[in-house]
Amino acid sequence: MRYKTTTLDTFVTLQRGFDLPAQNRIPGEIPIIAANGPVGFHNQAKVNAEGIVLGRSGSVGNPQFITEPFWPLNTTLFVKDFHGNSPTFVYYVLKTIDFKSFDAGGTVPTLNRNHLTQIEVPLVDLALQESIGGVLRNLDAKIATNIALSKTLEDIAQTIFKSWFI
């Protein structure tokens, strides 16, 4: 079955994150999101809903799904408008794109959102988006649980080994 496609710029609107030098940060509970993930907290959000952040400078791509109000730093691009699409589905679609191939930087890897506009993405109705997103989110949760369980079992095995032989 062949599905319809659209371009990334009609699927979502990406915007560059906001400057927030360390000396201007005021302690609070709002996560500050950089290209590699959370880097601290501030007292004010720039995005007041769940959202998706992509590394724009330094570390490109690597979508992050943020479930609370947040401050996207200037080293990121974030989804400003989902255009009626499911945020969870958008997140998983963005995870399939090789953003590193759009690196426009020299020494420091950099994404230019204008170079991303014509990337083709699947266009499916909202009900199917929500179904697909839900299944993938549940699989990710199960994988995370299995990784944590594996780590716990490894720690127990090491403890037993040490008690027997050390």
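These remarks concern the structure in this document. No experiment lies behind these values; they were computed from the predicted model shown.

The next point concerns the overall build of the chain. Of regular secondary structure, the chain possesses three helices and nine strands. Secondary structure elements in the chain, listed N-terminal to C-terminal, are β-α-β-β-β-β-β-β-β-α-β-α. Along the three orthogonal principal directions, the C-alpha set of the chain runs to about 60 × 55 × 35 Å. Looking at the chain as a whole, 36% of its 166 residues are labelled buried. Distance from the positive charge centre (14 side chains) to the negative charge centre (14 side chains) of the chain: 3 Å.

Quick look at the sheet that holds strand β4 (residues 37–42) now. In space, the three strands of this open sheet follow the order β4-β3-β7, with mixed pairing throughout. Of all strands in the sheet, those with a lone pairing partner are β4 and β7 (71–72), marking the two edges.

Attention now moves to the environment of Thr 110. Residue position: Thr 110 is located in the loop between α2 (87–95) and β9 (120–123). When the C-alpha atoms of Thr 110 and Gly 55 are compared, they prove to be 8.4 Å apart, with 55 residues separating the residues in sequence. Look past the residues within four positions of Thr 110 in its chain and what remains in contact with it is Arg 56, Ser 57, Val 60, Phe 102, Asp 103, Ala 104 and Gly 105.

So, about the packing of aromatic side chains. Applying the stated rule across the entire model yields seven aromatic pairs. Look at Phe 11 and Phe 89: their rings are 6.3 Å apart centre to centre, the planes differ by 75°, and that puts the pair in the edge-to-face class. On the criterion of sequence distance, the pair formed by Phe 11 in helix α1 (residues 8–11) and Phe 89 in helix α2 is long-range, its members being 78 residues apart. Per residue, the accessibility class of Phe 11 equals that of Phe 89, and both read buried. Where Phe 65 meets Tyr 91, the ring centres are 5.6 Å apart and the plane angle is 80°; that geometry is what we call edge-to-face. Taken together, the residues span a long stretch of sequence, with Phe 65 in strand β6 (residues 61–66) and Tyr 91 in helix α2 at a distance of 26 residues. On the accessibility criterion, Tyr 91 (12% relative accessible area) is buried. An aromatic cluster is defined as three or more aromatic residues linked by ring pairs; in this entry it consists of Phe 18, Trp 71 and Phe 78. It is Lys 46 that lies over the ring of Phe 18; its NZ or CZ is 4.8 Å from the centre.

Criteria and cut-off values
Residues numbered from 1 in each chain as written. Predicted model: local features only at pLDDT ≥ 70, side-chain atom pairs only at ≥ 80, totals over all residues. Heavy atoms only, no water. Helix = DSSP H or I, 4+ residues; strand = E, 2+ residues; numbered from the N terminus. Buried < 20%, exposed > 50% of the residue type's maximum accessible area, 1.4 Å probe, protein only. Lys, Arg positive; Asp, Glu negative; His and termini not counted. Charge placed at Lys NZ, Arg CZ, Asp CG, Glu CD. Pairing = 2+ DSSP bridges. Contact = heavy atoms within 4.5 Å. Phe/Tyr/Trp six-rings, centres within 6.5 Å; stacked < 30°, edge-to-face > 60°. Lys NZ or Arg CZ within 6 Å of the ring centre and 35° of its normal.

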